[in-house]
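Commentary on secondary and tertiary structure
The chain contents come next:
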Amino acid sequence: MDILKETVTIEPEIIRIRREIHQNPELAYEEEATAKLVADKLEALGIEVKRKVGGTGVLGTLKGARTGRVVALRADMDALPLEEMADVPFKSKIKGVMHACGHDTHVAMLLGAAKLLAAHKDDLHETIKFLFQPAEEHGGRGGAGPMIEDGVMNNPKVDYVFGLHISGDQNSGVFGLRGGPIMAAPDTFKIRIIGKGGHGSAPHQTIDPIYIAAQIIISLQGVSGRMIDPVQPFVITIGAVHGGTKENIIPDEAFLDGTIRTLDESTRKRAKAKVEKTAEGVARAFGAKAIVEFEKEAYPVTVNDERVTEQAMKILKKIPRTKTTIVKPIMGGEDFSRFLHEAPGTFYFLGTKNPAKGCTYPNHSSKFKVDEDVLKYGAASLALLAMNFTDPTRDAK
Ligand SMILES: [Zn+2]
Ligand SMILES: [Zn+2]
């Protein structure tokens, strides 16, 4: 069977669905209309549907005629809080909300794959689960955890799980894969610096939390430069500084918001401890107090199974007019990491960068624009991975 040829016949439908979702973006845990569209489409294909899974998520289950393995395919559904500035005729109709990470394309590609797979039900092995996940962009309490708690990875137990992300950084039609860690653990933290306020002209009578905040920002870069193994990828960024009301008032307190990104659990643990100790120590040196709080439910490192990724690469190489490449890890976080804690699998990228079509902006940009010609490749890749990994004789082939 020529899967790409079949996908080309449903390409207009995939693009239509994508544009409909793009025009009606919904934020994390508010994906009501998107979830309804997904559930209705799956039902129309004869796929068993469970709504309201893990909040606004949808689970589709397609049973094949033959015995084999269980494969789950995941798409996230949420949009981002930013105003669309992209030059497209199907611009977001919702003010201040935009599908700037391409999750609209993920939904459309997975629905495309579902259609292809449903058409081949009699040749399929065992079970394919379609996980339409809410709130990937939520951070912390993203939608993957609640879906897992609602049992999507069990009954029947998932043997392999795959997730696809569209990427504005890679060229159109290029699949990017990597075994091992591919995305970072994003640990968000807040630092509250408690000093003693007073007059700006008499700093000696105060404990200036603004000055101490500045010292802490500088010192925290020493965590990456002096306390973490230099061959381990590590990022620390302070993205927000708050404190004070007027130039001649030294306030009582100041606040810092930051994030650290790591690719392995031991560096992660060490970095968090060092951030805490450094902030507390610097504040103490100047007579102040720093309270450091890390977000509790941060996403883990996204770790792809080496063997599954290698096999997936071989499978994707068979899709005509596309390329596969090994990508570097990315220091962004991904909720898909939680599914990979439940079953081996791989999270991979599909490039959409195409200067000739004005698709040059990265994900999360207000001008992010997708080269829709690649959506068929994405749908075909998901269908192919499901067909191959459900087949128990795959290893012998
Ligand atoms: Zn994103
Ligand atoms: Zn995303």
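Because the structure is a prediction, the values reported are computed rather than measured.

Observations regarding the coordination of the zinc ion (ligand 1)
The zinc ion (ligand 1) binds to the protein through Cys101 (SG), Glu137 (OE) and His364 (NE2); the donor distances cover 2.0 to 2.3 Å. A separation of 3.1 Å is found between the zinc ion (ligand 1) and the zinc ion (ligand 2), both of which receive a donor from Cys101. Here the residue Cys101 occupies a position in the loop between β3 (66–76) and α3 (103–119), and His364 occupies one in the loop between β16 (345–353) and α9 (375–390), the gap between them amounting to 263 residues. According to the relative accessible area criterion, Cys101 is buried, its value standing at 7%.

With respect to the pattern of salt bridges
Inspection of every chain in the model, using the stated rule, returns 24 salt bridges. As a salt-bridge pair, Glu372 and Arg18 come within 3.0 Å of each other at their nearest N and O atoms. Within this pair, whereas Glu372 is found in the loop between β16 and α9, its partner Arg18 is found in helix α1 (residues 3–23), the two being separated by 354 residues in sequence. One continuous salt-bridge network, built from bridges that share partners, spans Arg18, Arg19, Asp104 and Glu372.

Focus: the environment of Asp252
Mapped onto the elements, Asp252 comes out in the loop between β11 (249–250) and β12 (253–262). On the basis of relative accessibility, which here comes to 48%, the residue Asp252 falls in the partly exposed class. As a C-alpha pair, Asp252 and Ser381 span 129 residues in sequence and 56 Å in three-dimensional space. Contact partners of Asp252, with chain neighbours within four places excluded, come to Ile193, Ile194, Gly195, Lys196, Gly197 and Pro209. Within the structure, Asp252 has its side chain in polar contact with the backbone nitrogen of Gly197 (distance 2.7 Å).

So, the layout of surface pockets
Each pocket or cavity is described by its volume, and for the largest pocket that value is around 520 Å³. Glu137, Met183, Gly332, Gly333 and His364 are, among the 27 residues lining the largest pocket, the residues nearest its centre. Contributions of two or more residues to the lining of the largest pocket are made by β5 (160–171), β8 (185–194), β12 and β16. A total of five residues in the lining of the largest pocket trace back to one element, the largest contributor, which is β5. Its residues assigned to classes, the lining of the largest pocket comprises nine nonpolar, 12 polar and six charged.

Some remarks on the sheet that holds strand β4 (residues 125–133)
Pairing in this open sheet of eight strands is mixed, and the strands run β1-β2-β4-β3-β5-β16-β6-β15 from one edge to the other. If you trace the sheet from one side to the other, it starts and ends with β1 (48–53) and β15 (323–326), each paired once. On average, each strand axis in the sheet is inclined to that of its neighbour by 25°, with strand direction left out of account. Pairing between strand β6 (residues 174–177) and β15: four bridges, direction parallel. Pairing of Val174 across the sheet is with Lys323, part of β15. Running over the sheet, α3 touches β2 (57–63), β3, β4, β5 and β16 and is turned about 160° from β3.

The rules behind these values
Residues numbered from 1 in each chain as written. Chains lettered and ligands numbered in written order. Predicted model: local features only at pLDDT ≥ 70, side-chain atom pairs only at ≥ 80, totals over all residues. Heavy atoms only, no water. Donors = N, O, S within 2.8 Å, 3.2 Å for Na, K, Ca; no water. Helix = DSSP H or I, 4+ residues; strand = E, 2+ residues; numbered from the N terminus. Buried < 20%, exposed > 50% of the residue type's maximum accessible area, 1.4 Å probe, protein only. Salt bridge = Lys/Arg side-chain N within 4 Å of Asp/Glu carboxyl O. Contact = heavy atoms within 4.5 Å. Polar contact = N/O pair within 3.5 Å; in protein donor to acceptor, adjacent residues only side chain to side chain. 1 Å grid on protein atoms, 1.4 Å probe; cavity = no way out; pocket = protein on both sides within 12 Å on 5 of 7 lines; lining within 4 Å. Points joined across faces, edges and corners; volume = space filled by probe spheres on them. Nonpolar A, V, L, I, M, F, W, Y, C, P; charged D, E, K, R; others polar. Pairing = 2+ DSSP bridges. Axes fitted to C-alpha atoms, helices over the stretch in contact; angles between N-to-C directions.

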